[in-house]
Amino acid sequence: MANKSRRSERVPPKPPILDGDGNHIHNEILLGLPSTEREFLVPKLEFMRLKTHHVLHEPGDTLKSAYFCNSGLVSILSVFPGGKSVEVGLVGKEGFIGIPLVAGFRTAPTRAISQIEATVFRLSSETLVAALRQCPTLERRLQQFAQIMTMQTTQIAACNRHHEVDERLARWLLMSSDRIESNSVPLTQELLAQMLGTRRSSVTVASGVLQKAGLIAHTRGDVRIIDRRKLEQADCECYGAMRWQIDKWHSEAE
Ligand SMILES: [Zn+2]
């Protein structure tokens, strides 16, 4: 009964925004468009479910498609010729894959791969380029997102060079948790090591440090954040710096 009365006092939630097939749109760029631009764009989008480790593009690929991420996590990896890779960006429902197209470029410089199951809205490169001419707010939002990704990549590069693995792990977990709106991130230590550009044994030690402090619980294939406030204190400052900059830019955005 108590629950029922609490529910009845709540402000009713906004009705979900759907595409023509009834799929919920969570992507923040699409949700932030004026309705005229969204109504123009949404019928051109194809909803797709991606399994874990679905590659959207490899370095050197001609970009045939662009994607609005709708749920899950997509990693942007820098890949070396020998096959090693390190994460230089992380995209969730706030973002978009295919940034070079916005500037009139055609080739991908990185690998984009789903880290966990994800959903996206796909559109062809030609459709995107044509839509940018019709939708000034979309173009502006994608330019702004490109700037956010540049800032993120710069911060992550500095973080990977200067900060300890346990701090980087805290940073990664906080970034991931924000994007999927969950305190539980389904990922193995093997993959975490790849993301952080370090050895698996280093991730095991770092994860042990955070577990011992009561900040996370790491079981096979799943990392759960137990104490988010303390985890933010354990982060190297990079997560806070990125959040601050993004909030600041959003407050300035036209
Ligand atoms: Zn850092």
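About the cut-offs
- Sequence order as written defines residue numbering, which begins from 1 separately in each chain.
- For a predicted model such as this one, the threshold for reporting local features is a pLDDT of at least 70, and the threshold for listing and counting side-chain atom pairs is 80 or more; totals across whole chains, interfaces and linings nevertheless cover every residue.
- Remark: hydrogens and water are excluded; side-chain values derive from all non-hydrogen atoms of the structure.
- Donor atoms: N, O and S within 2.8 Å of the metal, or within 3.2 Å for Na, K and Ca. Because water is excluded, sites can look incomplete.
- In these descriptions, tetrahedral denotes four donors with every angle between 85 and 135 degrees, square planar four donors and octahedral six donors with opposite donors over 155 degrees apart and the rest between 65 and 115, and irregular any other case.
- For every residue, the accessible area (1.4 Å probe, protein chains only) is compared with the maximum for its type, and the residue is labelled buried under 20%, exposed over 50%, or partly exposed between those bounds.
- Secondary structure elements follow DSSP: runs of H or I no shorter than four residues count as helices, runs of E no shorter than two count as strands, and numbering proceeds from the N terminus.
- For two strands to be treated as a pair, DSSP must find at least two bridges joining them.
- The aromatic pairing rule takes the rings of Phe, Tyr and Trp, using the six-membered ring of Trp, and pairs them if the centres are within 6.5 Å, calling planes under 30 degrees apart stacked, those over 60 edge-to-face and the rest tilted.
- Any Lys NZ or Arg CZ that is within 6 Å of a ring centre and within 35 degrees of that ring's normal is treated as a charge sitting over the ring.
- Between N or O atoms, a polar contact is any pair within 3.5 Å; within protein, one atom must be a potential hydrogen donor and the other a potential acceptor, and residues adjacent in sequence are included only when both atoms are from side chains.
- Throughout, a residue-residue contact means that at least one pair of heavy atoms, one from each residue, lies within 4.5 Å.
- Helix span, as expected, comes to 1.5 Å for every residue beyond the first.
- In this description, the arc belongs to the directions extending from the helix axis to the C-beta atoms.
- Just to be clear on terms, a salt bridge is a Lys or Arg side-chain nitrogen sitting within 4 Å of an Asp or Glu carboxyl oxygen.

Engineer: So what exactly am I meant to see when it comes to the coordination of the zinc ion here?
Structural biologist: Tetrahedral coordination by four donors sets the ideal angle at the metal to 109.5 degrees; octahedral coordination by six donors sets it to 90 or 180 degrees. C159 (SG), H163 (ND1), C236 (SG) and C238 (SG) make up the full set of protein donors to the zinc ion, lying at 2.1 to 2.3 Å. For the zinc ion, the four donor atoms in the first shell make angles of 98 to 116° at the metal, a pattern classed as tetrahedral. One chain supplies every donor for the zinc ion, spaced along it as C-x3-H-x72-C-x1-C. Relative accessible area serves as the criterion here: at 4%, C236 is assigned to the buried category. Residue classification places C238 among the buried positions, given a relative accessible area of 1%.

Engineer: I keep staring at unusual backbone geometry and nothing clicks. Help me out?
Structural biologist: Trans peptide bonds make up the majority, and among non-glycine residues the majority have a negative phi. For E181, which is not glycine, the phi dihedral falls at a positive 50°. Position of E181 relative to the elements: it lies in the loop between α7 (165-180) and β9 (184-185). Within the chain, E237 stands out as a residue other than glycine whose phi angle is a positive 105°. Relative to the helices and strands, E237 is located in the loop between α10 (228-234) and α11 (238-252).

Engineer: Help me out: how do you make sense of the sheet that holds strand β11 (residues 222-225) in this one?
Structural biologist: Strands in a sheet are paired, the pairing made by backbone hydrogen bonds, and the direction either parallel or antiparallel. Strand order in the open sheet formed by three strands is β9-β11-β10, with antiparallel pairing between adjacent strands. The open sheet is flanked by β9 and β10 (216-219), the only strands paired with a single partner.

Engineer: Quick question: what am I supposed to make of the packing of aromatic side chains here?
Structural biologist: The relative placement of two aromatic rings is captured by the distance of their centres and the angle of their planes. Inspection of every chain in the model, using the stated rule, returns two aromatic pairs. Positioned above the aromatic ring of F40, the side-chain terminus of K44 is 4.2 Å from the ring centre.

Engineer: Even after reading the chapter, I still don't get the side chain of S114, so can you show me in this structure?
Structural biologist: Mapped onto the elements, S114 comes out in strand β7 (residues 111-114). Among the polar contacts made by the side chain of S114, one reaches the main-chain carbonyl oxygen of K51 at a distance of 2.7 Å. Excluding its chain neighbours within four sequence positions, the residues that come into contact with S114 are L50, K51, T52, H53, H54, L73 and V74.

Engineer: Please clarify how helix α9 (residues 200-212) should be interpreted in this entry.
Structural biologist: Along an α-helix, a turn takes 3.6 residues, which lines up residues three or four apart on a common side. Its 13 residues give α9 an end-to-end C-alpha distance of 18 Å, which sits within 8% of 18 Å, the value for a rise of 1.5 Å per residue. For α9, every residue scored as buried is listed here: S202, V203, A206, S207 and L210. The buried residues of α9 occupy one face: seen down the axis, they fall within an arc of 130°. Relative to its buried face, α9 has exposed residues pointing more than 90 degrees away, namely V205 and K212. Looking at the residues trailing α9, positive phi occurs at G214, about 80°.

Engineer: How should the pattern of salt bridges be read in this particular structure?
Structural biologist: Working definition: two side chains of opposite charge can pair if their charged atoms are close together. Applying the stated criterion to the full structure yields 11 salt bridges. Between E181 and K93 there is a salt bridge, and its shortest N-O distance comes to 3.3 Å. You can see E181 sitting in the loop between α7 and β9 and its partner K93 sitting in the loop between β5 (85-91) and β6 (96-97), a full 88 residues away along the chain. R228 is the partner of D178 in a salt bridge, and the nearest nitrogen-oxygen pair spans 2.9 Å. On the criterion of sequence distance, the pair formed by D178 in helix α7 and R228 in helix α10 is long-range, its members being 50 residues apart. Take D178: its relative accessible area is 24%, and that puts it in the partly exposed class.

Engineer: I tried to follow the environment of S71 on my own but got confused; where do I start?
Structural biologist: Mapping S71 onto the fold places it in strand β3 (residues 65-71). Residues S71 and E117, spaced 46 residues apart in sequence, show a C-alpha to C-alpha distance of 8.2 Å. Those residues in contact with S71 that lie beyond four places of it in its chain are A118 and T119. A distance of 2.7 Å separates a polar atom in the side chain of S71 from a polar atom in the side chain of T119.

Engineer: Would you take a moment to explain α7 for this structure?
Structural biologist: Helix length check: α7 (16 residues) gives 22 Å between terminal C-alpha atoms against 22 Å at 1.5 Å per residue, within 8%. The buried count for α7 comes to 12 of 16 residues, which makes it a mostly enclosed element. Within α7, the full set of buried residues consists of V165, R168, L169, A170, R171, W172, L173, L174, M175, S176, S177 and R179. Looking one or two residues past α7, E181 carries a phi angle of roughly 50°, positive in sign.

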